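# Coordinate analysis (summary)
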Amino acid sequence: MERVRTILTHRYPYPHEHSRHFMIAVIVGWLFLLSSDNLQTLIMKLDKNFKWWSMYACLIGFFYFFSSPFIRKTIKPNYSNFSRWYVAWIFLAALYHLPSFQSMGLDLRMNLSLFLTIYISSLVFLIVFHVIFLGLWYLGLVSRMAEKKPEMLTIIQNCAVISIACCVFYSHCGNRTLSRDKSIDRRTASWVAFSLWRKQNEDNTLISKLLQHSNIISPVYSLWATFIGLYMANYVVERSTGTSTDLFKTVFDLMISVTLFVGRFDMRMMQAAMNKTPDESKSSDLLYDHLDGKDELWFDFIADTGDGGNSTYAIARLLAQPSLVVKSDDSRLIFPRGELLLIGGDLAYPNPCSFTYERRFFCPFEYALQPPAWYTPDHIALEKPELPLGVSELRQYSGPQCFMIPGNHDWFDGLNTFMRYVCHKSWLGGWFLPQKRSYFALKLPNGWWVFGLDQALHGDIDVYQFKFFAELCQQKVGEHDSVILITHEPNWLLDWYWGDKTGKNVTYLIREYLKGRCKLRMAGDLHHYMRHSCTESKEPVHVQHLLVNGCGGAFLHPTHVFENFKECYGNKYETKAVYPSYEDSSKIALGNILKFRRKNWQFDVIGGFVYFVLVFSMFPQCDSFRILHEDSWDGRVNSFFNATWNAIFEILEHSYVSLAGVLTLLTVSFFFVPTKLSRRRRALLGFLHAAAHITSAVLLMLLMELGIEICIRNHLLATSGYHTLYEWYRQAESEHFPDPTGLRARLEQWTFGLYPACIKYLMSAFDIPEVMAVTRSTICRKGIESLPRGGAIIYYVSVFLYFWVLSTPVVSMVFGSYLYVCINWFHIHFDEAFSSLRIANYKAFTRFHIKKSGDLEVFTLAVDKVPKEWMLDPDWDMEPKEPLQMSHTRRFPSKWRAASGWSDPTSVVRVVDQFVIPRTAVDPLLPDSAP
């Protein structure tokens with residue numbers, strides 16, 4: 001049975017996407033191989049010193065929190081790969097300096113130096129191989145299927161895998177050199193580079209004992225050559241025949257997991273200019289009355305489908321069902337499918353384009369209700385409506401139809417994508433699209449009307465649109481008719497919240513032309529559900545009910561920030577229904593503290609850089625060790641916080657770069673606070689926000705400096721200069737590498753000194769803690785002026801590489817805490833606080849029923865939790881499908897259902913609001929004034 005994890009969500013073409021089970025197995029296996037021979041020694045020689053365990057806890061903790069957003073996920077490859085390799089690099093570089101590895105008899109320098117040597121050799125070898133292969137392709141000696149060039153990232157990953165595999169083999173099995181009874185000649189001299197790597201006490205493992213009677217040459221070299229050969233064979237076969245043997249991919253999988261627009265013109269004016277009918281109120285491009293003749297009508301309303309994926313498909317699946325059976329209290333309610341679907345804008349996020357419209361909007365609806373067999377995605381409708389075969393006019397069409405208005409996101413490209421995909425296409429999945437313009441009027445049965453208004457980016461309608469609806473109210477809408485008015489933005493809520501007054505043309509239309517006939521005003525934009533109803537009043541009631549339902553598929557917005565809304569159009573309103581509830585909305589905001597960085601890992605770059613600038617002038621803290629001179633823990637804590645305050649005052653008094661960063665942060669924090677608050681409150685809140693970041697940055701700086709100072713004083717860092725690891729490598733090479741043929745000297749001569757120089761500087765670049773500690777010691781002895789400019793740059797870059805990892809989890813937690821306080825205490829940042837959480841749950845749509853009596857029943861149906869896993873619906877798959885059968889006539893129209901049947905939207909949907917709008921009473925003594 002076919003199953004998908006996240007439906008319709010764009011997946012990046014990342015070839016090495018491995019499961020978490022492989023990752024766990026590889027990590028556990030690698031650690032076991034490294035420590036199995038030393039397990040007893042580890043238990044016997046564990047370091048009991050508290051400061052080392054504290055450093056281990058801090059190091060591992062910070063690195064875990066930095067990596068936590070990427071665990072069990074495959075994120076955009078460029079940052080995901082970078083973060084994994086970056087963390088592995090600096091984590092290992094710091095870890096092998098700590099003493100507990102030496103106390104258990106495991107010297108990581110052997111593995112690290114071997115890894116770097118094999119890595120460079122593999123990289124050079126594979127690059128040369130690819131250059132030769134591409135040269136043969138250019139000459140026409142290999143298949144033209146080899147035209148695709150190899151990606152450098154893939155080569156780098158493969159070299160790392162080969163190097164790790166050889167290191168793991170060497171650590172556990174040793175490396176038996178050439179048989180002692182054979183002399184080394186020129187034929188075997190080329191193998192010396194790997195055969196000389198011999199582990200002391202190499203006969204301590206079972207595999208080494210099995211090899212002691214064999215005359216094989218260098219198992220490490222053999223393993224390396226095997227992997228290189230597998231890679232070359234896989235590459236040649238894949239490029240020459242078009243098929244892959246997957247040999248190297250299998251090794252790879254088992255060894256490691258690497259895994260605004262501002263308009264130049266108004267499109268609404270262009271639509272008015274293109275209208276062929278002088279009297280717009282009679283234009284068939286804007287006014288549709290084909291549903292007027294029905295006795296009753298079911299129709300739906302949704303808005304803000306923009307995010308696509310699971311949430312949008314969940315709602316589309318509910319809309320597409322022939323009927324929904326919902327339990328309400330002790331009764332069962334049956335809802336037939338809506339014959340009309342109204343969508344209130346923001347069809348795709350974040351900006352309108354072919355990709356977002358097709359993948360995030362059209363695709364979920366096409367899976368829920370398939371378009372006709374003759375439909376082609378590239379078709380452009382010139383003369384709408386393009387009716388199905390056998391249907392002569394729109395009144396005869398019995399399938400579901402759809403009308404929609406654009407939202408602010410749809411206007412970011414000047415309405416170009418909306419016009420192409422809505423006004424010039426005929427099908428949204430199985431919903432027919434008769435619409436020709438971005439605004440419209442629908443005449444429904446029993447005196448009901450729907451006005452769909454296009455507010456563009458200004459939150460209001462233009463004069464041409466106003467003229468059309470004003471003339472319609474005067475000439476077509478009866479005195480006792482009822483109007484449902486749809487806009488994208490809920491101006492009544494947003495104007496109250498911001499203390500503003502927008503949508504003046506819409507307000508004038510409601511007051512002066514509809515004159516009490518507007519029974520319901522609906523909008524989206526805010527991604528929750530709220531309904532307010534007018535209380536009894538002696539004043540004229542302009543709008544009876546105000547309804548917001550933006551739960552069509554976008555992230556959730558809070559409801560509790562609008563709890564105090566009471567008045568609109570001079571009338572008093574009371575809250576009748578809220579989804580989610582005020583209490584639930586307030587609790588959801590807690591996720592900003594706990595989940596902000598997991599949901600917003602892109603914030604790393606900004607946050608880490610800002611924190612580093614704040615404390616740039618404070619590096620190094622040469623006297624940081626004095627904090628530990630106190631005898632008691634209370635004294636040490638007090639000394640630590642005193643050092644924090646002293647550092648903050650030093651920033652303000654003596655620094656330049658850090659002071660500029662502090663002033664910039666204070667300014668940005670002030671202007672980031674919404675203008676809803678008074679200037680004094682904005683200043684206070686901005687100052688507290690900036691102060692929290694500054695204090696956190698200084699604390700992290702002191703912790704990092706204290707850790708480096710402890711390692712220096714215990715002779716774990718800054719012992720032999722910048723090239724400690726390379727010097728150890730040269731010493732081990734001279735002891736264990738017999739080179740009777742002078743191969744290394746000739747390699748150095750042939751490569752003009754690049755052979756040892758590349759290894760030397762690569763090892764120094766890897767050993768960032770040593771470089772940082774040596775430079776720090778020089779600065780503390782002689783001052784920063786003693787360093788050349790290049791040395792100072794190297795020092796601050798090495799500091800930044802570690803400080804960035806320490807700071808990114810903290811800056812996210814501080815910023816998330818700020819959003820939590822603002823959203824729950826001050827009711828500000830409602831968009832930022834909830835968009836950062838990206839909550840896909842709490843989705844809803846509103847279903848209407850115009851009864852034969854003329855009353856309008858309104859039901860809002862909701863799904864609390866959206867499924868994340870879907871599978872092919874067996875009922876849909878087994879149902880016979882005729883070639884020209886319309887999908888709305890099928891019993892099971894939707895392709896996917898939830899993988900767990902109990903969590904399918906059709907099983908868990910519930911009614912969260914229900915009310916009735918009675919038809920306007922008609923005085924039999926007064927004739928209707930409508931023509």
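Residues numbered from 1 in each chain as written. Predicted model: local features only at pLDDT ≥ 70, side-chain atom pairs only at ≥ 80, totals over all residues. Heavy atoms only, no water.

### Structural notes on helix α14 (residues 309–320)
Taking 1.5 Å of rise per residue, the 12 residues of α14 would be expected to cover 16 Å, and the 16 Å separating its terminal C-alpha atoms lies within 8% of that figure. With 12 of 12 residues buried, α14 is to be regarded as a mostly interior element. Turning to α14, its buried residues number three or more, namely Gly 309, Asn 310, Ser 311, Thr 312, Tyr 313, Ala 314, Ile 315, Ala 316, Arg 317, Leu 318, Leu 319 and Ala 320. (Helix = DSSP H or I, 4+ residues; strand = E, 2+ residues; numbered from the N terminus. Expected span 1.5 Å × (residues − 1). Buried < 20%, exposed > 50% of the residue type's maximum accessible area, 1.4 Å probe, protein only.)

### Description of the side chain of Arg 337
Looking at the secondary structure, you find Arg 337 in the loop between β5 (331–336) and β6 (340–343). Here Arg 337 is buried and forms no salt bridge, its nearest opposite-charge partner Asp 300 lying at an N-O distance of 7.8 Å. Here His 888 takes part through its backbone oxygen, which lies 2.5 Å from a polar atom of the side chain of Arg 337. Apart from the residues lying within four places of it in its own chain, the contact partners of Arg 337 are Trp 298, Leu 319, Ala 320, Gln 321, Pro 322, Ser 323, Leu 369, Arg 847, His 888 and Pro 893. (Lys, Arg positive; Asp, Glu negative; His and termini not counted. Salt bridge = Lys/Arg side-chain N within 4 Å of Asp/Glu carboxyl O. Polar contact = N/O pair within 3.5 Å; in protein donor to acceptor, adjacent residues only side chain to side chain. Contact = heavy atoms within 4.5 Å.)

### Overview of the sheet that holds strand β14 (residues 529–534)
Strand order in this open sheet of nine strands is β2-β10-β11-β12-β13-β15-β14-β17-β16, and the pairing throughout is mixed. On the outer flanks of this sheet lie β2 (287–288) and β16 (567–568), each paired with one strand and no other. Sheet analysis places strand β12 (residues 482–486) next to strand β13 (residues 518–523), joined by four bridges and oriented parallel. Residue pairing in the sheet places Val 483 in a bridge with Cys 518 of β13. Against the sheet, helix α17 (residues 463–475) contacts β2, β10 (440–443) and β11 (448–452), and its axis sits at roughly 170° relative to β11. (Pairing = 2+ DSSP bridges. Axes fitted to C-alpha atoms, helices over the stretch in contact; angles between N-to-C directions.)

### Considerations on the packing of aromatic side chains
Under the definition given, this model contains 47 aromatic pairs. Ring-pair connections join several aromatic residues into one group, and the members of that group are Phe 612, Phe 616, Phe 619, Tyr 795, Tyr 796, Phe 800, Phe 803 and Trp 804. Above the face of the Phe 670 ring, Arg 682 is positioned so that its terminal group lies 4.6 Å from the ring centre. (Phe/Tyr/Trp six-rings, centres within 6.5 Å; stacked < 30°, edge-to-face > 60°. Lys NZ or Arg CZ within 6 Å of the ring centre and 35° of its normal.)

### Observations regarding a positive patch on the surface
On the surface, a cluster of positive charge is made up of Lys 595, Arg 598, Lys 865 and Lys 868. By secondary structure assignment, the location of Arg 598 is in helix α21 (residues 591–599). (Patch = residues over 30% accessible without salt bridge, like charges linked within 9 Å, V, L, I, M, F, W, Y side chains within 5 Å. Areas by Shrake-Rupley, 256 points an atom, 1.4 Å probe, with all protein chains shown as cover. Charge placed at Lys NZ, Arg CZ, Asp CG, Glu CD.)

### Points about a nonpolar patch on the surface
Together, Val 637, Phe 641, Trp 645, Phe 649 and Leu 652 give the surface a local cluster of nonpolar side chains, amounting to about 510 Å² of exposed area. On the secondary structure map, Phe 641 appears in helix α23 (residues 633–654). Of the residues examined, Phe 641 reaches a relative accessible area of 42% and is grouped as partly exposed.

### Topic: the nonpolar core
Burial of nonpolar side chains together is a common tendency in soluble globular proteins. Counting 141 residues, the largest nonpolar core has Phe 299, Leu 342, Leu 444, Phe 451 and Phe 619 as its most contacted members. Counting the residues that make up this core, at least three belong to each of domain 2 (287–322 + 334–580 + 842–917) and domain 3 (588–835). When residues no more than four places from it in sequence are discounted, the contact partners of Leu 342 are Phe 299, Asp 300, Phe 301, Ile 302, Phe 403, Phe 440, Leu 442, Val 450 and Ile 486. (Core = buried A, V, L, I, M, F, W, Y, C linked by side-chain atoms within 4.5 Å. Domains from an automatic or database assignment.)

### Looking at the pairing of β13
Across the six residues of β13, six count as buried, placing the element largely inside the fold. Sheet topology places β13 next to strand β15 (residues 543–549); five bridges connect them, and they run parallel. Its bridge partner lying in β15, Ala 523 is registered against Val 548.

### A look at the environment of Lys 572
Mapped onto the elements, Lys 572 comes out in strand β17 (residues 571–579). Separated by 35 residues in sequence, Lys 572 and Ser 537 have C-alpha atoms that sit 7.7 Å apart. Those residues in contact with Lys 572 that sit more than four places away from it in its chain are Ser 533, Cys 534, Thr 535, Lys 566 and Glu 567. A polar contact is formed between the side chain of Lys 572 and the side chain of Glu 567, at a distance of 3.3 Å.

### Describing the confidence of the model for the protein
The share of residues in the protein with pLDDT of 70 or more is 73%, and the mean pLDDT across the chain is 79. Counting interchain partners and residues more than four positions distant, the pLDDT-below-50 stretch residues 9–23 has 31 contacts. Contacts for the low-pLDDT stretch residues 176–217, under 50 throughout, to residues beyond four places or in other chains number 67 contacts. (pLDDT = per-residue confidence, 0-100.)

### Regarding the pattern of salt bridges
Scanning the entire structure with this criterion turns up 17 salt bridges. The partner of Glu 339 in a salt bridge is Lys 294, with the nearest N and O atoms 3.1 Å apart. One end of the pair, Glu 339, is in the loop between β5 and β6; the other, Lys 294, is in the loop between β2 and β3 (297–302), with 45 residues separating them in the sequence. The partly exposed category is assigned to Lys 294, whose relative accessible area is 29%.

### Some thoughts on the pairing of β17
Direction of pairing for β14 relative to β17: antiparallel, over a ladder of six bridges. Each bridged residue has a counterpart across the sheet, and for Cys 534 the counterpart in β17 is Tyr 573. In terms of strand pairing, β16 meets β17 through two bridges, oriented antiparallel. Looking across to β17, one finds that Cys 568 is bridged to Asn 571. The antiparallel pairing of β16 with β17 creates a hairpin that spans two residues between the two strands, and Tyr 569 there sits at a positive phi of about 55°.

### Some thoughts on the side chain of Lys 843
Turning to its location among the elements, Lys 843 is positioned in strand β18 (residues 843–850). Salt bridges are absent for the buried Lys 843, whose nearest opposite-charge side chain, Asp 307, sits at 7.0 Å. Here the side chain of Lys 843 touches Ala 554 through a polar contact of 3.0 Å, landing on its backbone oxygen. Engagement of the side chain of Lys 843 in a polar contact is seen with the backbone oxygen of Asn 841, the distance being 2.8 Å. The contacts of Lys 843, once residues within four sequence positions are left out, are Ser 311, Ile 315, Cys 551, Gly 552, Gly 553, Ala 554, Tyr 579, Leu 861, Ala 862, Val 863 and Val 866.

### So, unusual backbone geometry
A cis amide bond, omega 5°, links Lys 384 with the succeeding residue Pro 385. Mapping Pro 385 onto the fold places it in the loop between α15 (354–368) and β7 (401–404). In this model, Phe 619 is joined to Pro 620 through a cis peptide bond whose omega is -5°. As for its position among the elements, Pro 620 is in the loop between α22 (604–615) and α23. Its identity is not glycine, yet Asp 304 carries a phi of approximately 60°, on the positive side. Following the sequence through the fold, Asp 304 ends up in the loop between β3 and α14.

### Notes on the packing of α17 against helix α19 (residues 504–514)
Between α17 and α19, whose axes approach to 10 Å, the crossing angle comes to 15°. With respect to α19, the axis of α17 lies roughly parallel. The way α17 lies across α19 gives a crossing that is right-handed. Contact residues: α17 offers Phe 466, Phe 469, Ala 470, Cys 473 and Gln 474, while α19 offers Asn 505, Tyr 508, Leu 509, Tyr 513 and Leu 514. Broken down by class, the residue content of the contact of α17 with α19 amounts to eight nonpolar, two polar and no charged. (Parallel < 35°, antiparallel > 145°, perpendicular 65-115°, else oblique. Left-handed = near helix turned anticlockwise from the far one by under 90°. Nonpolar A, V, L, I, M, F, W, Y, C, P; charged D, E, K, R; others polar.)

### Regarding the packing of helix α25 (residues 679–713) against helix α29 (residues 768–782)
Two numbers describe how α25 lies on α29: the axes approach to 11 Å, and their chain directions differ by 90°. The angle between α25 and α29 falls in the class roughly perpendicular. Facing α25, whose interface residues are Met 704, Glu 705, Ile 708, Glu 709 and Ile 712, α29 presents Met 772, Ala 773, Arg 776 and Ser 777. Of the residues contributing to the contact of α25 with α29, the split by class is five nonpolar, one polar and three charged.

### A closer look at the state of the cysteines
What the rule picks out here adds up to one disulfide. Each sulfur of the disulfide joining Cys 622 and Cys 780 lies 2.0 Å from the other. With the S-S bond torsion at -90°, the cross-link from Cys 622 to Cys 780 turns out left-handed. In this pair, Cys 622 sits in the loop between α22 and α23 while Cys 780 sits in helix α29, placing the two residues 158 residues apart along the sequence. (Disulfide = S-S within 2.5 Å.)

### With respect to the environment of His 290
Structurally, the position occupied by His 290 is in the loop between β2 and β3. The class of His 290 is buried, set by a relative accessible area of 8%. For His 290 and Tyr 397, which are 107 residues apart along the polypeptide, the C-alpha to C-alpha distance reads 9.4 Å. Residue contacts for His 290: discarding those within four places in its chain leaves Leu 394, Arg 395, Gln 401 and Phe 403. Within the structure, His 290 has its side chain in polar contact with the side chain of Gln 401 (distance 2.6 Å).

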